[in-house]
Amino acid sequence: MRARLAFPVVVAAILTACAAAPPPPPVSVDANQKDLNAMAGDWVGDYFSGDSGRTGSIRFNLNPEQGALSGTVLMFPQGRSTAMEPANRRSADAPRGGQPLSVRFVVIEDGVVSGTLEPYKDPDCDCFVSTTFTGRVHGDVIQGTFVSHGGPGGSTREGRWKVTRKAGS
């Protein structure tokens, strides 16, 4: 009986926590209408960096009528189960467990996507890191690479990412 009562309370707490975080604002996309239309819809996927051992999820939506993209990258350092905190969020404002990072800037040209994420504080070096990404659109799949810059001595870390357009979007 106790487990039946606890489950709805846990679900309600999770939904409340998720609802408390506002979605990131849309980002204008620099692209022609043909490239915008080719990327219209909801995309989901993940990334991996062998350099850092990090994995994470990627979600974004591109609205071609508005020329805008809304998206986040949820980053998990190796051996952690909580997301990292964005650089522009004061610690007092950050929910426990961190915050998804937002896409800051996107360019699409001839089926090639490039852009940046908002800078974040990397817990491995306790320093601010910025990430750039590039990828190629192949129908309902985009695959690419990313490079994170920052850390001691201006180090870089590289990785790969892949997203797939959700059916019906």
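None of these values were measured; they are calculated from a predicted model.

Visitor: Would you explain the pattern of salt bridges in this entry?
Guide: Side chains carrying opposite charge are able to pair once their charged atoms draw close together. Using the criterion set out here, one finds 2 salt bridges in the structure. Across the pair Asp-126 and Lys-121 runs a salt bridge, and its minimum N-O distance is 3.1 Å. With relative accessibility at 56%, the residue Asp-126 sits in the exposed group. For Asp-140, the salt bridge is made with Arg-165, and the minimal N-O distance between the two is 2.7 Å.

Visitor: How should I be thinking about the packing of aromatic side chains in this particular structure?
Guide: The relation between two aromatic rings is expressed through the spacing of the ring centres and the mutual angle of the planes. Enumeration over the complete set of coordinates arrives at 3 aromatic pairs. For the ring pair Trp-43 and Phe-60, a centre distance of 5.9 Å and an interplane angle of 15 degrees mean the geometry is stacked. With Trp-43 in strand 2 (residues 41-49) and Phe-60 in strand 3 (residues 54-63), the pair connects residues that are 17 residues apart, well separated along the chain. Phe-60 shares its class with Trp-43; the two are buried.

Visitor: Got a minute to help me understand the environment of Ser-57 in this structure?
Guide: Mapped onto the fold, Ser-57 is located in strand 3. Given a relative accessible area of 31%, Ser-57 falls into the partly exposed group. Remark: the alpha-carbon pair of Ser-57 and Asp-46, spanning 11 residues in sequence, is separated by 4.2 Å. When residues no more than four places from it in sequence are discounted, the contact partners of Ser-57 are Gly-45, Asp-46, Tyr-47, Thr-72, Val-73 and Leu-74.

Visitor: Please clarify how the pairing of strand 5 (residues 101-109) should be interpreted in this entry.
Guide: Across a regular strand the side chains alternate sides, sitting on one face of the sheet and then on the other. With 2 bridges joining them, strand 1 (residues 27-30) and strand 5 adopt parallel strand pairing. Paired with Asp-30 across the strands is Val-107, a residue of strand 5. Where strand 5 and strand 6 (residues 112-117) come together, 6 bridges link them in antiparallel fashion. From the neighbouring strand, Val-107 faces strand 6, where its bridge partner is Ser-114. Connecting strand 5 to the antiparallel partner strand 6 that follows it, the hairpin turn spans 2 residues, and Asp-110 within it adopts a positive phi of roughly 50 degrees.

Visitor: I would appreciate a short explanation of unusual backbone geometry in the present structure.
Guide: What you tend to see is this: most non-glycine residues have negative phi, and most peptide bonds are trans. Its identity as a non-glycine residue notwithstanding, Asp-110 has a phi of 50 degrees, on the positive side. Turning to its location among the elements, Asp-110 is positioned in the loop between strand 5 and strand 6.

Visitor: Is there a simple way to explain the side chain of Ser-148 in this structure?
Guide: Structurally, the position occupied by Ser-148 is in strand 9 (residues 141-150). On the basis of relative accessibility, which here comes to 9%, the residue Ser-148 falls in the buried class. Side chain to side chain, Ser-148 and Thr-131 meet in a polar contact 2.8 Å long. Residues contacting Ser-148, with those up to four places away along its chain left out, are Tyr-120, Val-129, Ser-130, Thr-131, Ser-155, Thr-156 and Arg-157.

Visitor: How should the layout of surface pockets be read in this particular structure?
Guide: A probe as big as a water molecule, rolled over the atoms, marks out the empty space that is left. Space inside the second largest pocket adds up to approximately 390 Å³. Residue lining of the second largest pocket: 34 residues in total, with Val-73, Met-75, Leu-117, Thr-131 and Phe-146 positioned closest to the centre. Residues that form the lining of the second largest pocket fall into these classes: 19 nonpolar, 11 polar and 4 charged.

Visitor: Help me out: how do you make sense of the side chain of Ser-49 in this one?
Guide: Of note, Ser-49 is situated in strand 2. Exposure remark for Ser-49: the relative accessible area of 1% places this residue in the buried category. Among the polar contacts listed, one links the side chain of Ser-49 to the backbone nitrogen of Asp-51, at a separation of 3.3 Å. For Ser-49, the side chain forms a polar contact with the main-chain oxygen of Glu-158, separated by 2.7 Å. Once residues lying within four places of it in the same chain are set aside, the contact partners of Ser-49 are Arg-54, Phe-146, Glu-158 and Gly-159.

About the thresholds
- Residues numbered from 1 in each chain as written.
- Predicted model: local features only at pLDDT ≥ 70, side-chain atom pairs only at ≥ 80, totals over all residues.
- Heavy atoms only, no water.
- Salt bridge = Lys/Arg side-chain N within 4 Å of Asp/Glu carboxyl O.
- Buried < 20%, exposed > 50% of the residue type's maximum accessible area, 1.4 Å probe, protein only.
- Phe/Tyr/Trp six-rings, centres within 6.5 Å; stacked < 30°, edge-to-face > 60°.
- Helix = DSSP H or I, 4+ residues; strand = E, 2+ residues; numbered from the N terminus.
- Contact = heavy atoms within 4.5 Å.
- Pairing = 2+ DSSP bridges.
- Polar contact = N/O pair within 3.5 Å; in protein donor to acceptor, adjacent residues only side chain to side chain.
- 1 Å grid on protein atoms, 1.4 Å probe; cavity = no way out; pocket = protein on both sides within 12 Å on 5 of 7 lines; lining within 4 Å.
- Points joined across faces, edges and corners; volume = space filled by probe spheres on them.
- Nonpolar A, V, L, I, M, F, W, Y, C, P; charged D, E, K, R; others polar.

In short, geometric facts, not functional conclusions.
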